[in-house]
Amino acid sequence: MHEIIICEKPKASEKIASALSGKAIKKNYKRVPYYELQNNGKKTTVLAAVGHLYSLAPTKRGKKIFDVDWVPLYEKDKSKKYVKNYIDAIKKLSKDADTFIHACDYDIEGTLIGYNALKYACGDESVNKAVRMKFSTLTTEDITEAYQNPITLDLNQVDSGIARHVLDFLFGVNISKYLTDSVMKATKRYIQLSAGRVQTPTLSILVDREKEIHKFIPEPYWLIKARLEGKITADHKKGKIFQKEDADGILADVENKDAKIKKIDLKKTKKPRPFPFDLGSLQSEAYSLFGFNPKKTQQIAQNLYTEGYTSYPRTSSQKLPKSIGYPKILKKLSKSAAFRKQVDKLKKPYKPNEGKKTDEAHPAIHPTGSMPKGLAKDSQKLYELITYRFISVFGEDGLVETMKTDLTIGSQNFIFTRKRTVKMGWQEQYPFRKVENDDFPPISEGDVLKVKKIISEEKETKPPARYNQASLIRELEKRGLGTKSTRANIISILYDRKYVEGNKIKVNFLGEHLIDTLKKYSQKITSEELTREFEEKLEGIMGGEAQKDNIIAEAKVEITSILDDIEKNKLKIGEELYDAYRKSMIVGECKCGKNLILIDSPRGDPFVGCSGYPECKSTYSLPRGAVILKTKCEKCDLPLISYGKPRQRACLDLKCGREGREPTNEVVGTCPDCGNELIKRSGRYGEFIGCRGFPKCRFTKSIEEKS
DNA sequence: GCAAGGTC
């Protein structure tokens, strides 16, 4: 007897092997780990996939791609070479097997991962023999229970997984191809265009926000403030005053009058302990504290996990079940003096604060207790963030005292608020955020204070803010678009295609025009509707009320009509999209008066050239990794670029004679929050102004765009 | 080349 267990990933195979036997032996085949164990004379081999091992690919050449089949992932994607060893290991080690257990995650994708591994690596026969382990956590109890009570492999669930892949492929690949072809036919130029069930609605959310901003009409309002003796600034209780006459009336009323303290309200409120991190909240926090984009956070977290320092990062759980053994983890962390200082303050027995969100397969992100050595700077930052957050979850609630003071000047009501921390609690374990620390002025009810100055500030209402990568991820999560593992990637595709740019995500002409075009030819792909429709259809297949093949056939009819429609109008579509693309690539003005354009050809390095080519032959090469800035060179008016490590600035024309290549962190002012220097920083997605005191002070502001 | 979904 030889039994094979197939798991979704290497970490899972390790846990499953050790749960089934204390004597599992770890072996390697072509550097792929697997486990062997003996049970009453029966040999069991525990094997691992690495997520999907197979991917869809066209089987026939043609303009419309409707025939697809599974091929090994490494054949399609050259960056996935490591997958070959995993497939080879499964093929080789399952040769003489007679029993097959499918032990991948119990969800649609997991079911399909295991099914394809069985079908294409172990052979068709293995599918018929296979049984399914169903577990929700990788604890010894759950695994043993699932092993002893296997269920039959649900082929409806498999079909539903296949349908999801095929539908996404047919819609995404075909529409993308037709858009790109339109540009090619109309202009003989290649620009990579794409559309998909998730990326297009995501872009559409950004376009909608852009339109809101565009149509926003600012409204003037006034804020009236009173500077009092004792360094107090009180605000008029009405807040925004939209009528100038009202503001003037208030000013007349308060003129030359003292302030009387009417009421002082002292209140203590809890500052509750935070939740442990799930992937989305980690991405959000690392963005706001360190400026890491979500993709970067995900990559670093993946490395920390692979090295064994932190737990599995692709989780939506905010739970820390007892089974992870947190007393032991906290004890191990105490080997570091800095962590010990905080762990020692925790009250026993340890009880974590938990959020509502759960995950079928993984707990919240936490350190394992294995201490990292020699981490790169950014990895160290993220590791400490995860670890301090983990410790703080066991801390005590903080306590903030609020002083709310009502006062009158003439017959007008003013108010000011001060906050101070009376108990740090968990904030001692989580040293990343500013702690409230205002002075409470020594005043009592009935006191009369001198008014030093009355200020009337004229302001304007502001349009809704643009999304940044962190807030966009939160929005996608809210709408159920994409998955925790794919959202960061989807956003990065929008940048790569030049649909959007900037830290505060701004849609380019190309992005906006693409959505306009698709709304004409395939309204559905621009909205969340398609995701909702897929969900219903997959539900139907899973319940046995619908057939996978029928649903795919229906989709083909629908897609054919969309594609034929695009085909009929391809010259117009192609020309317009190309025009929008050119406009998106404008980076400044050429000396000849025409536009300078970033030329990003699929062959060769990107460079800057004139839109007046061939009349004007000006071109400028770009150093590797250069970002073109909105700021102009003070000598020759061409745009400046920022490049290299550490970031330096130079003129686009390196020969223009501009002095110096000062570092990009030039001082541009004083931080209104903490008084430190404000410096210009630049990231991959553009420039912004930040505080020198970062991360203690998190003040940032965008650089005004000159238009 | 093109999607979205797993994972190293």
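Treat the numbers as computed from the prediction; the structure is a model and nothing was measured. (Residues numbered from 1 in each chain as written. Chains lettered and ligands numbered in written order. Predicted model: local features only at pLDDT ≥ 70, side-chain atom pairs only at ≥ 80, totals over all residues. Heavy atoms only, no water.)

Colleague: Quick question: what am I supposed to make of the overall build of chain A here?
Modeller: In terms of regular secondary structure, chain A is built from 20 helices and 29 strands. Each of the three principal axes of chain A carries a C-alpha extent, and together these read 95 × 75 × 55 Å. Put simply, 66% of the contacts in chain A that link residues at least 6 apart link residues at least 24 apart. If the 128 positive side-chain charges of chain A are averaged to one point and the 95 negative ones to another, these points end up 5 Å apart. (Helix = DSSP H or I, 4+ residues; strand = E, 2+ residues; numbered from the N terminus. Contact = heavy atoms within 4.5 Å. Lys, Arg positive; Asp, Glu negative; His and termini not counted. Charge placed at Lys NZ, Arg CZ, Asp CG, Glu CD.)

Colleague: Just checking my understanding: could you explain the pairing of strand β13 (residues 398–409) for this structure?
Modeller: When a strand is regular, its side chains alternate between the sheet's two faces. Among the 12 residues that make up β13, 10 are buried, leaving the element largely enclosed by the rest of the structure. Strand direction decides the pairing type here: strand β12 (residues 259–271) and β13, joined by 12 bridges, are antiparallel. Across the sheet, the residue bridging to L266 is M403, located in β13. Pairing analysis gives 11 bridges linking β13 to strand β14 (residues 412–423), with the strands arranged antiparallel. Note on β14: the bridge partner recorded for M403 is R418. (Buried < 20%, exposed > 50% of the residue type's maximum accessible area, 1.4 Å probe, protein only. Pairing = 2+ DSSP bridges.)

Colleague: So what exactly am I meant to see when it comes to the sheet that holds strand β9 (residues 151–152) here?
Modeller: Neighbouring strands of a sheet are bound in pairs by backbone hydrogen bonds; such pairs are parallel or else antiparallel. Overall, mixed pairing links the seven strands, which are arranged β2-β3-β4-β1-β7-β8-β9 in an open sheet. Where the open sheet ends on each side, the last strands, each with one partner, are β2 (25–29) and β9. Direction of pairing for strand β3 (residues 32–39) relative to strand β4 (residues 42–48): antiparallel, over a ladder of five bridges. Paired with L37 across the strands is T44, a residue of β4. In this fold helix α4 (residues 108–122) packs onto β1 (2–7), β7 (99–103) and β8 (131–132), with an angle of close to 150 degrees to the strand it touches most, β7. (Axes fitted to C-alpha atoms, helices over the stretch in contact; angles between N-to-C directions.)

Colleague: Help me understand the nonpolar core in this model?
Modeller: Buried together is how nonpolar side chains tend to be arranged in soluble globular proteins. Within the largest apolar cluster, 110 residues are counted, with the highest numbers of intra-cluster contacts made by L53, I175, L203 and V500. Broken down by element, this core gets its largest block of residues, 12 residues, from helix α7 (residues 155–187). Here L203 is in contact with L494, Y499, V500, V507, G511, L514 and I515, once residues within four sequence places are set aside. Formed by 33 residues, the second largest nonpolar core is a distinct cluster that contains L282, I300, Y309 and I391. (Core = buried A, V, L, I, M, F, W, Y, C linked by side-chain atoms within 4.5 Å.)

Colleague: Looking at this structure, I do not really get the protein's contact with DNA strand B. What am I missing?
Modeller: The local shell around DNA strand B holds 40 residues, among which Y190, Q192, Q199, Y312 and T483 are the closest. Those atoms of DNA strand B that come within 4 Å of the protein belong to sugar or phosphate at a rate of 64%. A distance of 2.8 Å separates a phosphate oxygen of DNA strand B from a polar backbone atom of V198. For the surface near DNA strand B, the element with the highest residue contribution is α7, accounting for nine residues. (Near = heavy atom within 4 Å. Polar contact = N/O pair within 3.5 Å; in protein donor to acceptor, adjacent residues only side chain to side chain.)

Colleague: Even after reading the chapter, I still don't get the packing of helix α8 (residues 199–215) against helix α15 (residues 469–479), so can you show me in this structure?
Modeller: Angle between the axes and distance between the axes: these two values describe a pair of packed helices. At a closest axis distance of 11 Å, the pairing of α8 and α15 adopts a crossing angle of 120 degrees. As far as their axial angle goes, α15 and α8 are oblique. In this structure, α8 crosses over α15, and the sense of that crossing is right-handed. Between α8 and α15, the residues in contact are T202, I205 and L206 and L472, E475, L476 and R479, respectively. (Parallel < 35°, antiparallel > 145°, perpendicular 65-115°, else oblique. Left-handed = near helix turned anticlockwise from the far one by under 90°.)

Colleague: Looking at this model, I keep getting lost on α15. Mind explaining?
Modeller: What sets the pattern is the α-helix's 3.6 residues per turn: residues three or four places apart point alike. Within the sequence span of α15, burial applies to Q469, A470, S471, L472, I473, E475 and L476. Looking at the buried positions of α15, the neighbouring elements they touch are α8, α10 (279–290), α11 (294–306) and α16 (487–496). Backbone nitrogen of A470 and a side-chain oxygen of the N-cap are separated by 2.9 Å at the start of α15; the cap is N468. Remark: G480 follows α15 within two positions and exhibits a positive phi of approximately 70 degrees.

Colleague: Would you mind showing me how to read the pattern of salt bridges here?
Modeller: Side chains that differ in charge, positive against negative, can pair when their charged atoms come close. Across all of its chains, the model carries 49 salt bridges by this definition. Residue D67 pairs with K60 through a salt bridge whose shortest N-O separation is 3.4 Å. Using a relative accessible area of 33% as the deciding quantity, one classes D67 as partly exposed. Relative accessible area serves as the criterion here: at 56%, K60 is assigned to the exposed category. Between K347 and E396 there is a salt bridge, with its nearest N and O atoms 3.1 Å apart. Taken together, the positions of K347 in the loop between α13 (337–343) and α14 (377–392) and E396 in the loop between α14 and β13 put the pair 49 residues apart, joining distant regions of the chain. Judged by relative accessible area, which is 56%, K347 ranks as exposed. In the salt-bridge network here, residues are joined through shared partners; they are E475, K478, R479, E528, R532 and E535. (Salt bridge = Lys/Arg side-chain N within 4 Å of Asp/Glu carboxyl O.)

The values reported here are purely geometric and, on their own, carry no functional implication.
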